[in-house]
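Structural characterization, general
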Amino acid sequence: MPTDVVMPQMGESIFEGTITKWLKKVGDKVAKDEPLFEISTDKVDAEIPAPVAGVLAEIKVEEGATVTINTVVATISGADAGSSNAPVAATAPQVQAATAASVPVLHSPVHSKAGLPVRSSPLVRRIAKENNLEIGQIAGSGSAGRVTKQDVLSFLAKYGPGGTAPVAAQKSTAATLPPPPPLTGDLVPMSKMRAIIGQRMVESLQTSPHAHTVYKVDMTRVVRRRDRERNAFEQKHGFKLTYMPFIATAAVEALRRYPILNASLENGSIRYHQNIHLGIAVALEWGLIVPVIRYAEQSSFSDIARTIADVATRARSKKLMPEEISGSTFTLTNSGAFGGEFGTPIINQPESAILAIGGLRKEPAVLTDAEGNDTIAIRSTQYYCLGFDHRVIDGADSGKFMLEFKRVLESWDRPLN
């Protein structure tokens, strides 16, 4: 009997996923645990392996479609699945598919303006509620007119939170200008990750009063130290030594001294987090993801360097699990990776601060010795921009944090182990 392959649940709060790419076509042989298709959810993009070996007999859900967990997306024939033809959930490593009891109800008591019932998932209704949207006025593009997450995100991007679709204006009897020429070019739908990133950025700006401060750091000491010990470090540990571990270590030291930067606002009170869970933003070809270094305050320099190298590699190959990209308390983002001087970052909610790293470059600088004599020298410098929630963090605290961060880097004297 053919074996049904169903959409897995990639986390407790995730109820649906979008199939972004089929890695096999109908008629292809598949081995057990061989990547079968790629999905995108609220939390993570991932490759989903085949639950059994056999031949891909049928693809029931095409690329780009969003379905709820436990929906049958394909069948595999010739599989050694015993006498039962019960659906088998495709699973990502360490993530098991939910039971049938987890399947959300698609029918909603909400009605459209035409008086017809609106079909949507709990996740879609939650997004609409959080953004004060009337789901009944959102046109559904899913099966039988179901309102999908992409529908509500597109509506939100067009009209904003609390927005409503405008009523068609009555034709004016006055003279009108000729209509503008139609827009040209390709119209490409936003990917699920791009739409989610957009929604999160809008939510953050609406939630936190952002303030920013920029500091220039002399990175010459760090650059020379890295150049001097780079080969020995890479031979010993087996991965490249970048500047990010130096920056992350300095951030952790500054956070330990000024824990208000590692805090978050919670129901009108300030939560001082006991541990530092450091988010490292990783740019992907299809968006942005923020893996987390947990308990960074307990990690050595080489531990931090190893974790950064590992999560960056697995992020680009879609191997991260949902728990590896959540729960951060402070985030680093490398806006200078493409040559920019610095960026003004948006806070990764529910954190209170984020540090953007500018481009590293050489420039002339005036140096003053102990006797007050000035000389001009070539130095490696870098701009850093701290974005912070002004409800939680004052300008004085942000300045103290940045001065400590700057001090650690400019006077680097610790071993790289």
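Owing to the predicted nature of the structure, the values given are computational and were not obtained by experimental measurement.

**Focus: the overall build of the protein**
- Per the secondary structure count, the protein includes seven helices and 21 strands.
- Per-residue burial for the protein yields a buried fraction of 45% across its 417 residues.
- Residue pairs in contact within the protein that sit at least 24 positions apart in sequence constitute 64% of those at least 6 positions apart.
- On the protein, roughly 21,800 Å² of surface is accessible, and the fraction owed to carbon and sulfur atoms is 53%.

**Observations concerning helix 2 (residues 149-159)**
- Those residues of helix 2 lying buried are K149, D151, V152, L153, F155 and L156.
- Once helix 2 ends, the next one or two residues include G160, with phi positive near 80°.

**Overview of the nonpolar core**
- Membership of the largest hydrophobic core comes to 47 residues, with the highest contact counts inside it found for F330, L332, Y384, F405 and L409.
- Grouped together as the second largest cluster of nonpolar side chains are 30 residues, F37, A46, V67 and V282 included.

**Thoughts on the sheet that holds strand 4 (residues 35-40)**
- Read across the sheet, four strands follow the order 5-4-2-7 without closing on themselves; strand pairing throughout is antiparallel. Each end of this open sheet is capped by a strand with a single partner; those strands are strand 5 (45-49) and strand 7 (66-68). Going from strand to strand, the sheet's axes swing by 40° on average, the running direction of each strand aside.
- As defined by bridge partners, strand 4 adjoins strand 5 across five bridges and the pair is classed as antiparallel. By the bridge assignment for strand 5, F37 is matched with I48.

**Looking at the sheet that holds strand 12 (residues 210-218)**
- Spatially, 12-21-20-19-15-18 is the arrangement adopted by the six strands of the open sheet, whose pairing is mixed. Either end of the sheet is taken by a strand with one partner, and the two such strands are strand 12 and strand 18 (292-293).
- Pairing of strand 15 (residues 278-280) with strand 19 (residues 330-333) involves three bridges; the strand directions are parallel. Residue pairing across strands places L278 opposite F330, the latter belonging to strand 19.

**Thoughts on the side chain of T329**
- In this fold, T329 is placed in the loop between helix 6 (301-316) and strand 19.
- You can call T329 buried: its relative accessible area is 5%.

**As for the packing of helix 2 against helix 3 (residues 192-207)**
- Interhelical geometry of helix 2 versus helix 3 gives an angle of 45° and a closest axis separation of 10 Å. On the basis of the axis angle, helix 2 is oblique to helix 3. Two packed elements cross with a definite hand, and for helix 2 against helix 3 that hand is left-handed. Residues K149, Q150, L153 and L156 of helix 2 pack against K192, A195, I196 and Q199 of helix 3.
- Here the residues of the contact of helix 2 with helix 3 sort into four nonpolar, two polar and two charged.

**Some thoughts on the pairing of strand 19**
- On strand 19, burial covers both faces: F330 and L332 on one face and T331 and T333 on the other are all buried.
- Across three bridges, the pairing between strand 19 and strand 20 (residues 353-368) is parallel. What sits directly across from L332, in strand 20, is L355.

**Some points on the packing of helix 5 (residues 244-257) against helix 6**
- Contact geometry for helix 5 and helix 6: axes closest at 9 Å, N-to-C directions at 120°. The pairing of helix 5 with helix 6 is recorded here as oblique in orientation. Here helix 5 runs over helix 6; the crossing is right-handed. Residues M244, P245, F246, A248 and T249 of helix 5 pack against F301, I304, A305 and I308 of helix 6.
- The residue makeup of the contact of helix 5 with helix 6, split by class, is eight nonpolar, one polar and no charged.

**Considering the side chain of D28**
- Structurally, D28 is set in the loop between strand 2 (16-22) and strand 3 (29-30).
- Within polar-contact distance, the side chain of D28 engages the backbone nitrogen of K25 at 3.0 Å.
- Those residues within four positions of D28 in sequence are excluded, and the remaining contacts are G54, V55 and L56.

**Some words on empty space enclosed by the protein**
- Tallied over the full model, the rule gives one cavity of 30 Å³ or more.
- A volume near 30 Å³ is recorded for the largest cavity.
- Forming the walls of the largest cavity are V44, D45, L284, I289, R314, A315, K318, K319 and L320.

**Overview of helix 5**
- For helix 5, with 14 residues, the first-to-last C-alpha span of 20 Å sits near the 20 Å given by 1.5 Å per residue.
- Of all 14 residues in helix 5, eleven are buried, a share of seventy percent or more.
- Among all positions in helix 5, only M244, P245, F246, I247, A248, T249, A250, A251, V252, A254 and L255 are buried.

**Observations regarding the pattern of salt bridges**
- Tallied over the entire structure, the rule returns 22 salt bridges.
- With its nearest N and O atoms 3.5 Å apart, the salt bridge here joins D28 to K25.
- Take K25: its relative accessible area is 57%, and that puts it in the exposed class.
- In this structure, E363 engages K216 in a salt bridge whose closest nitrogen and oxygen atoms are separated by 2.8 Å. Placement of E363 in strand 20 and of K216 in strand 12 is noted, with a sequence separation of 147 residues between them.
- Looking at K216, the relative accessible area reads 36%, which means it is partly exposed.
- Each member of the salt-bridge network shares a partner with another, and the members are E253, R256 and R414.

Rules behind the numbers
- Residues numbered from 1 in each chain as written.
- Predicted model: local features only at pLDDT ≥ 70, side-chain atom pairs only at ≥ 80, totals over all residues.
- Heavy atoms only, no water.
- Helix = DSSP H or I, 4+ residues; strand = E, 2+ residues; numbered from the N terminus.
- Buried < 20%, exposed > 50% of the residue type's maximum accessible area, 1.4 Å probe, protein only.
- Contact = heavy atoms within 4.5 Å.
- Areas by Shrake-Rupley, 256 points an atom, 1.4 Å probe, with all protein chains shown as cover.
- Core = buried A, V, L, I, M, F, W, Y, C linked by side-chain atoms within 4.5 Å.
- Pairing = 2+ DSSP bridges.
- Axes fitted to C-alpha atoms, helices over the stretch in contact; angles between N-to-C directions.
- Parallel < 35°, antiparallel > 145°, perpendicular 65-115°, else oblique.
- Left-handed = near helix turned anticlockwise from the far one by under 90°.
- Nonpolar A, V, L, I, M, F, W, Y, C, P; charged D, E, K, R; others polar.
- Polar contact = N/O pair within 3.5 Å; in protein donor to acceptor, adjacent residues only side chain to side chain.
- 1 Å grid on protein atoms, 1.4 Å probe; cavity = no way out; pocket = protein on both sides within 12 Å on 5 of 7 lines; lining within 4 Å.
- Points joined across faces, edges and corners; volume = space filled by probe spheres on them.
- Expected span 1.5 Å × (residues − 1).
- Salt bridge = Lys/Arg side-chain N within 4 Å of Asp/Glu carboxyl O.

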